[in-house]
Amino acid sequence: MGGPLLEWSRAQFALTACYHWLFVPLTLGLALVMAIMESIYVRTGDETWKKTAQFWQKIFGINFAVGVATGLILEFEFGTNWSNYSWFVGDIFGAPLAIEGIVAFFMEATFIAVMFFGWNKVGRGFHLASTWLTGLGATLSAWWILVANSWMQHPVGMEFNPETVRNEMVDFFAVAFAPEAAVKFAHAVTSGWMTGAVFITGVSCWYLLRRRNQRMALDSIRVAAATGVVAALLVMFTGDQSGLDVARNQPMKLAAAEGLERGGKGAAFSIVPGVEVPGMLSILATHDPQGYVPGTRDILEGYTDGEGQAHPSAAEKMERGRLALAAFRDFRAADLAGDTNARNEARKQLETHVDYFGYGYIQSEEELIPNVPLVYWSFRAMVGMGCLLLLVQALLWWQARRGRLEQTRWLQHAGLWSIPLVYLAGQAGWIVAEVGRQPWAIQDLLPVGAAVSSLSAASVQTTFFIFLAIFTVLLVAEVRILCRAIRNA
Amino acid sequence: MNLKNGLRHAVRLYTDGFRQMTWGRILWVLILAKLFVLFAILRPFFFRPALAGLDEEEKREAVADGLLRQPAAAPAAAAETDN
């Protein structure tokens, strides 16, 4: 597996996904905070809160306008660069993405118009409901996208049909309401709330540093910092739940995130290389200080987990994967020849080994280990910056509550510089999730090398640079429009 | 009658809203330019679906061949068949 075609295809998809994720969390976070602000206005009738909510809605609008449709590029790439993958899972992905497009997007698009155009034209209550429903629409969009992503990490509710060469959905509810999807959704959405809160406190701190719009800035900080603290705690809680899921379903990702070659019971958590907390990894991965956590080598060699379940070695999985592929080949040959008995026999053989289908493409055990340094350091960057952001948000909230924030210049600087940190933390989180699951496009079923289309590497390279140019122009445009809106407030 | 009024009110909300836009105009220009680049340039010239132009059966065959022609799959699977 590998080669320039795969590497450029992955780089292009990563570039697009990272770019898309610059806008999504801010949309989710601003939607929540501006709705809270408008709720305060409706409750108190204080016009200052109305102006504050309107200002953040303007920022929301700019971010929404620049970010809208960037996700569509990912769908273009599915069809062009990942056609094997798209066909292989089309039956599963079709439903969540269609629901996302039809229900959530139209809901968002309808209520966003009322939110922007409806001030003084519709009743306060209706306007407030539209603001909340705009946020709910954006959040529902995220649900269906994360259902699709979660399914790739832990495929459930489907059967592989060798006749159609597709994984076909047999249980919609298992796919749409998988516990792993719920946890992933909660983790991603709460991290979006945190991004919105940090962005608002950061911009407000800039106003305080410039001694401008101080009333609006302090009001915004009181609401946003409280939201940020709650969101950060929820991110930690959902991250803990996500850790349990990863330990259960993707132990290689967890081992890579810890740089753990040899695991065991009472496994230590590595803060940085050479600094460990004994037993902590077992607690995080299993909620048991003596829980068993396998390392990368244990997973390749095969191990028995804490519940006594034996997990086969990589060599055995690869062998069974080859048997599954051979059965698939036999099924197709028998189908073409009209040999019903051979066809049934091949199908039976395929069903026996289909759980390891993707391992048939793996040539070397080492391919099963993701990029450990990248995943290890990304995880630490995410957690470290997340803790720092929680601390800054808590201090901002506390100082604003005591009426001392205007005098605490260093904290205003810290609030402002939290903005790039929250974006870096979010991107690092996705690197852990997506690089950590390599080499799989779909866990255990399809490695990225088999999922990619047969294209020329040069054409993918060309579109990579076209995207890089377009994304850079759009990002510069957004930042300039945002800065102008903030400066002119 | 109420429905008619409601619809008229909704249409007026949109038309007035678009007419009175200030900073929103530049955002609409940005959105339309982006959609033009996406659907009039990138999609037809750079992102034609790899299986475009094939009927369902041809797509199925193309993917199956692609999956079985992978470097790792082909020799191993063939060797297993020989056994």
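Not measured: the values here are computed from a predicted model.

Provide a residue-level description of empty space enclosed by the protein, including the pertinent values.
Residues and elements named next belong to chain A. Inspection of every chain in the model, using the stated rule, returns one cavity of 30 Å³ or more. Forming the walls of the largest cavity are V147, S150, W151, H154, V156, V175, A178, E180 and A181. When contributions to the lining of the largest cavity are tallied by element, the ones reaching two or more residues are helix 5 (124-153) and helix 7 (179-210). Residues of the lining of the largest cavity, tallied by class, amount to six nonpolar, two polar and one charged.

Please give an account of the packing of aromatic side chains that cites residues and values.
Residue and element names in this part refer to chain A. For the structure shown, the criterion picks out 37 aromatic pairs over all chains. Aromatic side chains F13 and F78 sit 5.3 Å apart centroid to centroid with 45 degrees between the ring planes, which places their arrangement in the tilted category. Residue F13 is found in helix 1 (residues 4-44), and its partner F78 is found in helix 3 (residues 70-81); the two are separated by 65 residues along the sequence. By relative accessible area, which is 22% here, F13 ends up partly exposed.

So what about the interface of chain B and chain A? Which residues, and what values?
With 46 residues of chain B at the interface, the matching set in chain A holds 57 residues. Counting the surface lost from both chain B and chain A, the interface buries some 4300 Å², and carbon and sulfur atoms represent 74% of this. In this assembly, chain B and chain A are joined by two salt bridges. Here D65 of chain B ties to R332 of chain A by a salt bridge, and the two come within 3.2 Å at their closest N and O atoms. On the surface where chain B and chain A come into contact, there are 11 residue pairs in polar contact (both at pLDDT 80 or more). Those elements that place two or more of their residues in the side of chain B that touches chain A are helix 1 (2-19), helix 2 (24-46), helix 3 (56-68) and helix 4 (73-82) of chain B. Ranked by residues supplied to the side of chain B that touches chain A, first place goes to helix 2 of chain B with 12 residues. When the residues that make up the side of chain B that touches chain A are grouped by side-chain class, the tally is 30 nonpolar, six polar and 10 charged.

Describe the packing of helix 5 of chain A against helix 15 (residues 409-435) of chain A, listing the residues and the values that go with them.
All names here are of chain A. For the pair helix 5 and helix 15, interaxial distance at closest approach is 11 Å and the crossing angle is 40 degrees. Comparing the axis directions of helix 5 and helix 15 gives the class oblique. Seen from helix 5, the contacting residues are L146, N149 and Q153; seen from helix 15, they are W430, A433 and E434. When the residues that make up the contact of helix 5 with helix 15 are grouped by side-chain class, the tally is three nonpolar, two polar and one charged.

Hey, could you go over the side chain of E434 of chain A for me, with residue numbers and the actual values?
All names here are of chain A. Among the secondary structure elements, E434 is positioned in helix 15. Polar side-chain contacts of E434 include one of 2.9 Å to the side chain of Q153. Non-local contacts of E434, meaning those with residues more than four positions away in its chain, are made with N149 and Q153.

Would you mind going over the environment of F237 of chain A in detail, with residue names and values included?
Along the chain, F237 of chain A falls in helix 8 (residues 214-249). Residues F237 of chain A and I369 of chain A lie 132 residues apart in sequence; the distance between their C-alpha atoms is 27 Å.

Let's hear about the pattern of salt bridges: which residues, and what values?
Summed over all chains, the structure comprises 16 salt bridges over all chains. Between E258 of chain A and R380 of chain A there is a salt bridge whose closest N-O contact spans 3.1 Å. Of the two residues, E258 of chain A is situated in helix 9 (residues 251-258) and R380 of chain A in helix 14 (residues 372-402); the sequence distance between them amounts to 122 residues. The pair formed by E258 of chain A and R380 of chain A is uniform in burial state, with each residue classed as buried. One salt bridge in this structure joins E56 of chain B and K59 of chain B, with 4.0 Å as the shortest N-O distance. A residue pair is termed a helical-turn pair when its members lie 3 or 4 positions apart in one helix, as E56 of chain B and K59 of chain B do in helix 3 at three residues. Overlapping salt bridges bring together D46, R215, D219 and R222 of chain A as one network.

How would you explain the state of the cysteines if you had to name every residue and give the values?
Residues and elements named next belong to chain A. Tallied over the entire structure, the rule returns zero disulfides over all chains. Left without a disulfide partner, C387 is nearest to the cysteine sulfur of C205, which lies 20 Å away. Residue classification places C387 among the partly exposed residues on the basis of a relative accessible area of 38%. Free cysteine C483: the closest other cysteine sulfur is in C205, separated by 16 Å.

So what about the pairing of strand 1 (residues 158-161) of chain A? Which residues, and what values?
Successive side chains on a regular strand alternate, one facing one side of the sheet and the next facing the other. Residue and element names in this part refer to chain A. Relative to strand 2 (residues 166-169), strand 1 runs antiparallel, the two being bridged by four bridges. By the bridge assignment, F160 is partnered in strand 2 with N167. Taken together, strand 1 and the strand that follows it, strand 2, pair antiparallel across an intervening segment of four residues, in which V165 is found at a positive phi of about 55 degrees.

I'd love a proper account of the domain arrangement of chain A, names of residues and values included.
Interfaces are frequently sized by the accessible area removed from exposure as the parts join. Residue and element names in this part refer to chain A. Parsing chain A into structural domains produces domain 1 (4-250 + 371-487) and domain 2 (264-361). On a C-alpha basis, the centroid separation for the pair domain 1 and domain 2 is 31 Å. Between domain 1 and domain 2, the contact holds 20 residues from the first and 21 residues from the second. For the domain 1 and domain 2 pair, buried surface summed over both sides reaches about 1700 Å², with 66% attributable to carbon and sulfur atoms. Among the salt bridges present, the one from E163 reaches R343, with a minimum N-O distance of 3.0 Å. Among the secondary structure elements, those contributing two or more residues to the side of domain 1 that touches domain 2 are strand 1, helix 8, helix 14 and strand 10 (446-447).

Before we move on, can you summarise the environment of V432 of chain A with the specific residues and values?
Residue and element names in this part refer to chain A. For V432, the location among the structural elements is in helix 15. Between the alpha carbons of V432 and S378 there is a distance of 6.1 Å; along the sequence they are 54 residues apart. Ignoring sequence-local partners within four residues, the contact set of V432 consists of K253, V375, S378 and F379.

Give me the lowdown on a nonpolar patch on the surface, citing residues and values where you can.
A contiguous nonpolar surface patch, about 520 Å² in accessible area, is contributed by I271, V272, V275, V277, M280, I283 and W377 of chain A. Broken down by secondary-structure element, the contributors of at least two residues to the nonpolar patch are strand 4 (269-272), strand 5 (275-277) and helix 10 (280-286) of chain A.

Conventions and cut-offs
- Residues numbered from 1 in each chain as written.
- Chains lettered and ligands numbered in written order.
- Predicted model: local features only at pLDDT ≥ 70, side-chain atom pairs only at ≥ 80, totals over all residues.
- Heavy atoms only, no water.
- 1 Å grid on protein atoms, 1.4 Å probe; cavity = no way out; pocket = protein on both sides within 12 Å on 5 of 7 lines; lining within 4 Å.
- Points joined across faces, edges and corners; volume = space filled by probe spheres on them.
- Helix = DSSP H or I, 4+ residues; strand = E, 2+ residues; numbered from the N terminus.
- Nonpolar A, V, L, I, M, F, W, Y, C, P; charged D, E, K, R; others polar.
- Phe/Tyr/Trp six-rings, centres within 6.5 Å; stacked < 30°, edge-to-face > 60°.
- Buried < 20%, exposed > 50% of the residue type's maximum accessible area, 1.4 Å probe, protein only.
- Contact = heavy atoms within 4.5 Å.
- Buried area = accessible area lost by both parts, 1.4 Å probe.
- Salt bridge = Lys/Arg side-chain N within 4 Å of Asp/Glu carboxyl O.
- Polar contact = N/O pair within 3.5 Å; in protein donor to acceptor, adjacent residues only side chain to side chain.
- Axes fitted to C-alpha atoms, helices over the stretch in contact; angles between N-to-C directions.
- Parallel < 35°, antiparallel > 145°, perpendicular 65-115°, else oblique.
- Disulfide = S-S within 2.5 Å.
- Pairing = 2+ DSSP bridges.
- Domains from an automatic or database assignment.
- Patch = residues over 30% accessible without salt bridge, like charges linked within 9 Å, V, L, I, M, F, W, Y side chains within 5 Å.
- Areas by Shrake-Rupley, 256 points an atom, 1.4 Å probe, with all protein chains shown as cover.

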